[in-house]
Amino acid sequence: MENSSSDVMSEVITLIHNWEEEHTQPNYDPVPTLTRLAEIIEVETENYLKTDPDPFDERHPSRTDPNCNLGQILKALFRKDNFMNKFVSDYLRDTYYSRNNQTDKDVNQLNIAAYRLMLDIMPGIETSVVFQPDMDSLIHRLIKWTTNSIEPLQSYATGLLAAAMEIPDIATRFRDSNARLVPLLLQRLRRLQANSDFIHNSSASRPFAHFSAKSPRSDTTRTSSTSGRRVLGRENGVSSALRSSTILSTEKSMELEQVETNSLENNDEQPRKKLKLSTSPIRSPNGKVGQLFSETSNSSWAELESFMIGSIQIFPPTLATRQILILRYLTPMGEYQEFLSHVFENQALELVLSYVNVKETKEARLAFEALKYLAALLCHKKFSIEFINCRGLETLLDVPRPSIAATGVSMCLYYLGYCEEAMERVCLLPKYIVSRLVNYALWLLECSHDSGRCHATMFFGLTFQFKIILEEFDSQDGLRKLHNVISTLPNLSSEDSPPILNEDAECAARQIVRHVCVAYKRYLEAHLYAKVEQIRRSQLRPNERSASTVPTQPSYKACKSSPEEIQQQIDTLLQSMPFRAHWPPVDQLLKLGGITLLLKIIAFAYEWNYSGRAETVRSALDVLAIACVIPKVQLLFCDRVDLPEETITVDGVQTSINIILGAADGEIVADADVQKAALRVLVNCVCAPINRVGGTVARFSVGNTSSPSKKTKVKSSEELIQKIWESVRANSGIMVFLQLMNVKTPITDADCIRTLACKALAGLARSETVRQIVSKLPMFTNGHLQNLMRDPILQEKRQEHVLFQKYALELLGRLSGKAKHTGKDLDVSLINIHRANVVAQTKIQFNDRQLLQLIHQHLASRGLTETATLLQKEAHLSNAIVPSSHPPNKFRYVSPTTPSRARLTFSSPMIRNLTPVIPQPHSAEPTTPTPGSKTNPIKIIKKSVPTPSTTPQNSRLQKQISNDPHMKVIMPLAEDSTSSIEPRITLDSIITEYLTNQHALCKNPMATCPQFNLFVPHKCPDPKPRISTANNFVMRSARRQMGYNCKSMDRKLIHSRFCPVQTIRLPSNDGFFTCAKFMPGDQMIVVGDYSGQVRFFNTNTGECKSTDLSAHDSCVVHLEPSLDGKLLLTSSTWGKPLSALFAVRNMDIDMKQQFDDEDHVEFSKVMQDRILGTKGESATIYDIATGREIQRLIPSISNQYTKNKATFSHTDELVLSDGVLFDVASGKQIHKLDKLNQTQSGVFHPNGLEIVSNTEVWDIRTFHLLRTVPALNQCQVLFTSMNSAIYAIAMEQKVEDDTTFDSSFKTIDASDYSSIATMDVKRNIYDLAVNVFDTQIAIVENQGLYHSVQESVVRLYDVGRRRDDEDEQEEEDDEEDMDESDDDASDTEGPIIVEVGRSGSGDGGGDDENNDNGGAAEGGDGEGDEENDDDGNGSDSDSWTDVSGDSDDSFGNDSSGLSELEELLFSDY
């Protein structure tokens, strides 16, 4: 074979070489060369077709089969540019000889040879390149020769014109010509068919058939089969007379049903990919010899080839070849609506169906081309309906299989499935025909080419919505066959070394996966519709079931549902379907491993790159969204999925929930529809009912059994939902939902995404653990969620926004403990809820004498002077208010010390039908307001005092907050009321309600309030910032003696003042500093640089005390000396070793141990006899003395922090790595902290009770989230040696191709996490170090970007003092370096921002990002500081807050509340 291949290639090369030498000679005749090339290519084309390639595969033959001669010849031919240019430009013209003055030669022979060769090489030509717009003359010539020319030129021109018309632009430009050609070629096709041999010899038997061994029974069978075939042959002719009158006989029906039964029983034979030359008899799909062709039991391949693969003879063209070329032209024309009339006029359907009958024509290639034309015509609904009415479907199902024509049938079925009206008529056909249709399509899934499998899969995806198709599909075990299409694909293998596929095979496999996922989705949607309909009918009452008003969907109608209806149907199943019920489609999918396979597809899609990736993942997620109504599927989501080692995770295993969360976060595919599909899966899981039908009681097995299948069958619905919640939490679900609630892009889908995310978080918040964590997050404590609730991102999506508001209110209700919120609660937040609770608990007290004074004023204003005088006398009102010139019944609140608030101006109450509140010694008649009198109405906002049940008739009380004195209402007394009836509303309740409403308006309400003043609007004092520490030591000492907490004030004073004292520079200008640490004793500082060098400097003089000590080949990013200064740990960015342990002797280092794979290393805290290394999410403990690995700590579920650094606790008993807490003694995992950021794992607080992870502070004892500190966001945290403060520097940020750093650092109180100061050094900060006494800090300051640093220094600062506080002026230094140091230091002096006293309150003057722990309304709970910032009163407020933070007190507004001594001690300096 190899010799023949080389001979063919050498002959082709020789022909081209001879042509290159001879074609320039005069009178050269190219016809022999072209003819010989055509003969060679035709032979190799025939050999190529015998390998049974996919007929719909239009790739170059060398890509389909790299070893085939055809592909090698075409590649060699196309590499000869001179030959191809001459061939296309000259030989295809009809004027070649005339232009060369060769009048004695026939140009037709040249054109025949050229067009023959052109038709042969078309499989390797890109048609859009050949038929360019400047080649219109060639197309005109083809049209002319197709219309009228000699043979075989006419056939060749037809074939080339067919290739040109496949380009839509050319077909559009030559529309008029096509309108003339289509009817012409249809008529020519009919004439050729009439002259074909298979029309006249349709009953001829094969030669030598009588030599085959036959029994009498086989003769009977053959006769019956032949008779049946003749009947079918007449039917396939579709005579118009027989089309309406022919009825299948009973005998034929029984025969077809027997064929169907046998085929269904034995359809498991594996497909043959390629057909090889063989003398074995053909077997039908059911495995029985002769079932398909009963008289061909001993047939040779030479006879069967025409049935199965077929051939095409180009020269001379046979009648079949001429018809094939015409059909190739008609195929692209069949898709155009304007040519459809010619199809009906020329009875094209009858022509096509006669070609499809391969049993009669014995031409598989002709049948295949006819089926392609039929598929193009089936795009039209009218033709599809006519096709069904003419019993064309039965003809299609008679096409033999396996054969190339069967692959053509797959395309026809696909286009037929697109027409819903045609499929409705298919569903009305006899059941055995529908059964045969499904059986044929299922065979295509298993035994056909890749294109046939794709078409059959898409056909089922389109037709699952028809109930009869769905039922037949299930009855023939269709789901297993559909699953087998993708379960054996190499690209879905879980092996560590799957077979390597070329690009084309990989792309084809991915397309098959895409179509199967879509079919899965349609399959479960159809079953979902049927299941919900069944449940809905089962829940109807008996009288409703018999009612004729219940709609019934006919079985032949499509059951379609919108995405919203599908979600409603899923919710219905979750609510109504029993917990332990079985659902056959999902159960079978689970049994086949389909759910796990879909999860693998989603994970693998992360690395795929093709156009259908988003649809594949979305369809797979839609399948999971429906299947998760079954508890077993939800349990499967909590398990691990085995993936290859290089896929997504390093350890090769990953939970299903993590994969779905990754898709929701946009990590798998950056597509909004995929994110929404993944969120729907999560919503269906986390929002499922806690107590489902039949799932509240768990079953317990008796006896001890080790069967693994029984371990998951005893779960109740509550246990299941708890496991789901825990799995989502463990895989950082809270962080994903919070991020998605803040998305703003893409703008068209952002509202829907955040709605689904909010719904998922609301369902997850039913877990008490989740509620505790989420309630401490800034989104819910600072009102950010309420800002999201106000307006939609896109105004056209207001309906989605209403749902978002609904779920947000539901979430807030669960976090706050309220059962239900109304739509008016858009301003509700945890802070507002806290305020409302404080107001509700406040006991309202007021002065009775002030009330009597108000009554006296009212009586006097009404002219009842005697009553007023009597009241004044009996109540001893010596300072009764006298009526003034102000309008009556209107308070004028004027105070020189309190700013008036217009919104607190209330109208005075007017009471009717009330008994006297204050007992009087003398009876007084009740007063009635004059008809002309008016009062301002009072509207009751809230009732906080219980009232008696007895109420007078027509009694009403209104209260209104208004500034308009003219808005009054007359309230006449009821005639039937008497003073003996106990009133429902008393004067006391009116005043209490009045004061309660005032108290509710306070920014910071207090539960314990002093007596309210009726003459002055009430306002709780705003929290004041803690009084800053005085500079005078005597005053600080006096305050401490009075019990004032000065330790926190001392910390704020010390860590808000920094004075630059020393600047360290590189000895040369090469490189820059990257990190620094103080050595023990604080006399030396060790510094690492960009080139991997380590240097020691004197902190007093700034002098380098060591030569260049090379530690690494790359940038040193971490240094840590031991407590005794004898050891030094270093880490770098790349190279080996990544980290190392050095021994330090006399300012020199000697490598003691290297860690090639550890990204970060640090000493243990107490004994420092161990080293903790970090590599990814794993942590390793090494023994310093031996250098051996002691323990490796790997979390079961990692958080995948991008900058994980494992660390010891301060007792060395615990290790925190990748957000997971480990016990060092046992090596076991204790707890996994919820991932709420992408970067940092966290560090231990020196108090041993807390873990600081980015902005979150966790309690080690309870693992509750204590608080969030926004100031620490994306910051590296460094505790001082005395544990009094925290230094925070921003971590580096990646910007395009470079890295940026922040120019400021922050100091934070380590006890209450209040912000102390923010210092801007005007240079990029790379690292910060604190000495052991907290008296100095060292900052690595670089000017410029990372890869273009202009200046690099390590600057030392004294902590606790400023330059202007020094007693003496420093002497000037003559050295230039010191002058530059002083200049740099003075530059950094200005922009120091100090924020003091943010522990329990805030004054609004601070930085917003640091304003996180201030302003407690009561008890210093650390919330509410942002609300305090609005007033801006600060220390100017007239009310004083207790500095201890335990309680607040309020003094009269006419006094500051401070004694002279207190004024002296606590005045601000």
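Residues numbered from 1 in each chain as written. Predicted model: local features only at pLDDT ≥ 70, side-chain atom pairs only at ≥ 80, totals over all residues. Heavy atoms only, no water.

## Quick word on the overall build of the chain
For step 1, the next point in the chain: Within the chain, the secondary structure is distributed over 55 helices and 33 strands.
For step 2, the next point in the chain: Buried residues in the chain amount to 53% of all 1469 residues.
For step 3, the next point in the chain: Across the chain, the fraction of contacts at a sequence separation of at least 24, relative to all contacts at a separation of at least 6, is 65%. (Helix = DSSP H or I, 4+ residues; strand = E, 2+ residues; numbered from the N terminus. Buried < 20%, exposed > 50% of the residue type's maximum accessible area, 1.4 Å probe, protein only. Contact = heavy atoms within 4.5 Å.)

## Focus: the confidence of the model for the chain
For step 1, the next point in the chain: For the chain, mean pLDDT is 77; residues scoring 70 or higher make up 72% of the total.
For step 2, the next point in the chain: The model gives residues 698-712 a pLDDT under 50, and that stretch makes eight contacts with residues more than four places away or in other chains.
For step 3, the next point in the chain: Taken as a whole, residues 822-827 scores under 50 in pLDDT and shows nine contacts with residues more than four places along the chain or in a different chain. (pLDDT = per-residue confidence, 0-100.)

## Section: helix α10 (residues 153-165)
For step 1, the next point in the chain: Between its first and last C-alpha, α10 extends 18 Å over 13 residues, near the 18 Å set by a 1.5 Å rise per residue.
For step 2, the next point in the chain: Most of α10 sits inside the fold, with 13 of its 13 residues counted as buried. (Expected span 1.5 Å × (residues − 1).)

## Describing the environment of Y97
For step 1, the next point in the chain: Note that Y97 resides in helix α6 (residues 96-99).
For step 2, the next point in the chain: Y97 sits in the buried class, given a relative accessible area of 3%.
For step 3, the next point in the chain: Counting along the chain gives 70 residues from Y97 to N27, while the straight-line C-alpha distance between them is 9.0 Å.
For step 4, the next point in the chain: Not counting chain neighbours up to four residues away, the residues in contact with Y97 comprise D29, P30, V31, Q102, K105, D106, V107 and L110.

## Observations concerning the pattern of salt bridges
For step 1, the next point in the chain: Following the criterion strictly, the structure yields 45 salt bridges and no others.
For step 2, the next point in the chain: With its nearest N and O atoms 2.5 Å apart, the salt bridge here joins D1234 to R729. A residue pair is termed long-range when its members are at least 10 positions apart, and D1234 in the loop between β19 (1229-1232) and β20 (1243-1244) and R729 in helix α40 (residues 717-730) qualify at 505 residues. The exposure classification of D1234 matches that of R729, with both residues buried.
For step 3, the next point in the chain: Bridged by salt links that share partners, the residues D57, R59, R63 and D504 form one connected network. (Salt bridge = Lys/Arg side-chain N within 4 Å of Asp/Glu carboxyl O.)

## Structural notes on the sheet that holds strand β4 (residues 1073-1078)
For step 1, the next point in the chain: Across the sheet, which stays open at both edges, the four strands sit in the order β4-β5-β6-β7 with antiparallel pairing between neighbours. Looking along the sheet, the strands with just one partner apiece sit at the ends: β4 and β7 (1109-1110).
For step 2, the next point in the chain: Across five bridges, strand β5 (residues 1084-1089) lies against strand β6 (residues 1093-1098) in antiparallel orientation. Bridged to G1088 within β6 is V1094. (Pairing = 2+ DSSP bridges.)

## Re the packing of helix α41 (residues 733-740) against helix α42 (residues 750-764)
The description of two packed helices rests on the angle between their axes and on the distance between the axes.
For step 1, the next point in the chain: Closest axis-to-axis distance for the α41/α42 pair is 8 Å, and the angle between their directions is 145 degrees. In this structure, α41 crosses over α42, and the sense of that crossing is left-handed. Facing α41, whose interface residues are I734, F737, L738 and L740, α42 presents I753, R754, A757, A760, L761 and L764.
For step 2, the next point in the chain: For the contact of α41 with α42, the class distribution of residues is nine nonpolar, no polar and one charged. (Axes fitted to C-alpha atoms, helices over the stretch in contact; angles between N-to-C directions. Left-handed = near helix turned anticlockwise from the far one by under 90°. Nonpolar A, V, L, I, M, F, W, Y, C, P; charged D, E, K, R; others polar.)

## Let's talk about α41
For step 1, the next point in the chain: Here α41 lies mainly inside the structure; seven of its eight residues are buried.
For step 2, the next point in the chain: Within α41, burial applies to G733, I734, M735, V736, F737, L738 and L740.

## Digging into the side chain of H449
For step 1, the next point in the chain: You can see H449 is positioned in the loop between α27 (431-447) and α28 (450-463).
For step 2, the next point in the chain: In this structure the side chain of H449 is engaged in a polar contact, spanning 2.8 Å, whose partner is the side chain of T407.
For step 3, the next point in the chain: Beyond its immediate stretch of four places on either side in the chain, H449 contacts D52, P53, D54, P55 and T407. (Polar contact = N/O pair within 3.5 Å; in protein donor to acceptor, adjacent residues only side chain to side chain.)

## Section: the nonpolar core
For step 1, the next point in the chain: L393, I486, L621, F637 and F780 are the most contacted members of the largest nonpolar core, which has 268 residues in total.
For step 2, the next point in the chain: Of all the elements, helix α31 (residues 503-538) adds the most residues to this core, at 13 residues.
For step 3, the next point in the chain: Once you skip the residues sitting within four places of it in the chain, L393 turns out to touch F387, I388, L413, L416, V426, L429, I433 and L437. (Core = buried A, V, L, I, M, F, W, Y, C linked by side-chain atoms within 4.5 Å.)

## Remarks on the sheet that holds β19
For step 1, the next point in the chain: Pairing in this open sheet of four strands is antiparallel, and the strands run β16-β17-β18-β19 from one edge to the other. Two strands close off the open sheet at either side, each with one partner strand: β16 (1207-1208) and β19.
For step 2, the next point in the chain: The pairing of strand β17 (residues 1214-1217) with strand β18 (residues 1220-1223) spans four bridges and is classified as antiparallel. Residue S1217 lies in a different strand from β18, and its bridge partner there is V1220.

## Considering the packing of aromatic side chains
For step 1, the next point in the chain: Throughout the structure, instances matching the rule amount to 25 aromatic pairs.
For step 2, the next point in the chain: Measuring from ring centre to ring centre gives 6.2 Å for W608 and Y610, while their planes differ by 55 degrees; the resulting arrangement is tilted. Each member of the pair, W608 as well as Y610, is classed as buried.
For step 3, the next point in the chain: Each residue in the set F459, F460, F464, F473 and Y523 is aromatic and connected to the rest through ring pairs, giving one cluster.
For step 4, the next point in the chain: Across the ring face of F344, the terminal group of K382 is positioned such that the distance to the ring centre comes to 5.0 Å.
For step 5, the next point in the chain: Positioned above the aromatic ring of F804, the side-chain terminus of R754 is 4.5 Å from the ring centre. (Phe/Tyr/Trp six-rings, centres within 6.5 Å; stacked < 30°, edge-to-face > 60°. Lys NZ or Arg CZ within 6 Å of the ring centre and 35° of its normal.)

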